[in-house]
Amino acid sequence: MTQNSKKQQKIRIRLRGFDNRLVDQAAVDIVETVKRSGTRAVGPVPMPTTIERFSVNRSPHADKKSAEQFELRTHKRMIDILDPNVDTMDALKKVNLPSGVEISVSV
């Protein structure tokens, strides 16, 4: 069996949030934690930002043609952890991440 045909185990972490600074800080914290535990991390890879736009009438009666526009931006990052060990998993459980950042982990 060659080195390339061996299946590599990895953990994929996806971060989502409305504030890009919080998402970036969480990604940096995770990558630093993984590197301190002696495992290789790939990323953070910026994924496309999802933009939702809403138009709302300013007044229901008089100013029908006047509307306000709002937008909601969801920033996303992805981190891959290659060949994780037990120390990496323990270190990731102890990482203190800011509120407002959604994290999904898949193996």
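Predicted model, so just to flag it, every value in this text is computed and none were measured.

Participant: What is the right way to look at the overall build of the protein chain in this model?
Facilitator: A count of helical and extended segments in the protein chain gives two helices and four strands. Ordered by position from the N terminus, the helices and strands of the protein chain form the series β-α-β-β-α-β. The C-alpha radius of gyration computed for the protein chain amounts to 20 Å, which surpasses the reference 13 Å derived for 107 residues by more than 25%, pointing to a less compact arrangement than a globule. Taken along its principal axes, the extent of the C-alpha atoms in the protein chain is 75 × 30 × 15 Å. Going through the 107 residues of the protein chain one by one, you find that 27% of them count as buried.

Participant: How should I be thinking about a nonpolar patch on the surface in this particular structure?
Facilitator: Taken together, the side chains of Phe18, Phe54, Val56, Phe70 and Leu72 make up a nonpolar region of the molecular surface, amounting to roughly 470 Å² of accessible area. With respect to the helices and strands, Phe54 occurs in strand β2 (residues 40–57).

Participant: Please explain the packing of helix α1 (residues 20–36) against helix α2 (residues 86–93) as it appears in this structure.
Facilitator: Two packed helices can be described by the angle between their axes and the distance between those axes. Put simply, α1 and α2 touch, their axes get as near as 9 Å, and they point 150° apart. For the crossing formed where α1 meets α2, the hand is right-handed. Residue-level contacts link Ile30, Thr33 and Val34 of α1 to Thr88, Ala91 and Leu92 of α2. Class assignment for the residues of the contact of α1 with α2 results in four nonpolar, two polar and no charged.

Participant: Would you explain the pairing of strand β1 (residues 10–17) in this entry?
Facilitator: The side chains of a regular strand alternate, first on one face of the sheet and then on the other. Burial of the side chains of β1 is restricted to one face: Ile11, Ile13, Leu15 and Gly17 are buried, whereas none of Lys10, Arg12, Arg14 and Arg16 on the reverse face is. With six bridges connecting them, β1 and strand β4 (residues 101–106) associate as antiparallel partners. Directly across from Arg14, in β4, lies its bridge partner Ser104.

Participant: Is there a simple way to explain the environment of Ile13 in this structure?
Facilitator: For Ile13, the location among the structural elements is in strand β1. Ignoring any residue separated from it by four or fewer positions in sequence, one finds Ile13 in contact with Ile30, Arg77, Met78, Ile79, Ile81, Leu92, Ile103, Ser104 and Val105.

Participant: Just to check I follow, could you spell out the pattern of salt bridges for this structure?
Facilitator: Side chains that carry opposite charge are capable of pairing whenever their charged atoms lie near each other. One pass over the full model with this rule turns up six salt bridges. Between Arg21 and Asp19 there is a salt bridge, and its shortest N-O distance comes to 3.5 Å. Two residues, Asp24 and Arg77, come together in a salt bridge whose shortest N-O distance is 2.8 Å. On the criterion of sequence distance, the pair formed by Asp24 in helix α1 and Arg77 in strand β3 (residues 67–82) is long-range, its members being 53 residues apart. Take Asp24: its relative accessible area is 32%, and that puts it in the partly exposed class. Judged by relative accessible area, which is 12%, Arg77 ranks as buried.

Rules used throughout
Residue numbers here run from 1 along each chain, matching the order of that chain's written sequence. A pLDDT threshold of at least 70 governs which residues receive local features in this predicted model, and a stricter bar of 80 or more applies before side-chain atom pairs are shown or counted, although totals over entire chains, interfaces and linings include all residues. Side-chain numbers come from the whole structure's heavy atoms, not from hydrogens or water. For helices the rule is a DSSP run of H or I covering at least 4 residues; for strands it is a run of E covering at least 2, with both sets numbered from the N terminus onward. Based on C-alpha atoms, the radius of gyration is set beside the globule rule, defined as 2.2 Å times the residue count to the power 0.38. Note on classification: 1.4 Å probe, protein chains only; a residue is buried when its accessible area is under 20% of the maximum for its type, exposed when over 50%, partly exposed between these limits. The patches reported here contain residues having more than 30% relative accessible area and no salt bridge. Joining distances are 9 Å for like charges and 5 Å for nonpolar side chains (Val, Leu, Ile, Met, Phe, Trp, Tyr). Per-residue accessibility takes into account occlusion by the displayed protein chains alone, with areas from the Shrake-Rupley method and a 1.4 Å probe. Within this document, salt bridges are pairs made up of a side-chain nitrogen of Lys or Arg and a carboxyl oxygen of Asp or Glu, the two lying within 4 Å of each other. The axes used here are C-alpha line fits, helices contributing only the stretch in contact, and every angle between their N-to-C directions lies in the interval 0 to 180 degrees. For any helix crossing, the convention is left-handed if the near helix is rotated counterclockwise from the far helix by under a right angle, and right-handed if that rotation is clockwise. We call two residues contacting when some pair of their heavy atoms lies within 4.5 Å. Each residue receives one of three labels: charged for Asp, Glu, Lys and Arg, nonpolar for Ala, Val, Leu, Ile, Met, Phe, Trp, Tyr, Cys and Pro, and polar for the others, Gly being one of them. In short, DSSP must find at least two bridges between two strands for them to pair.

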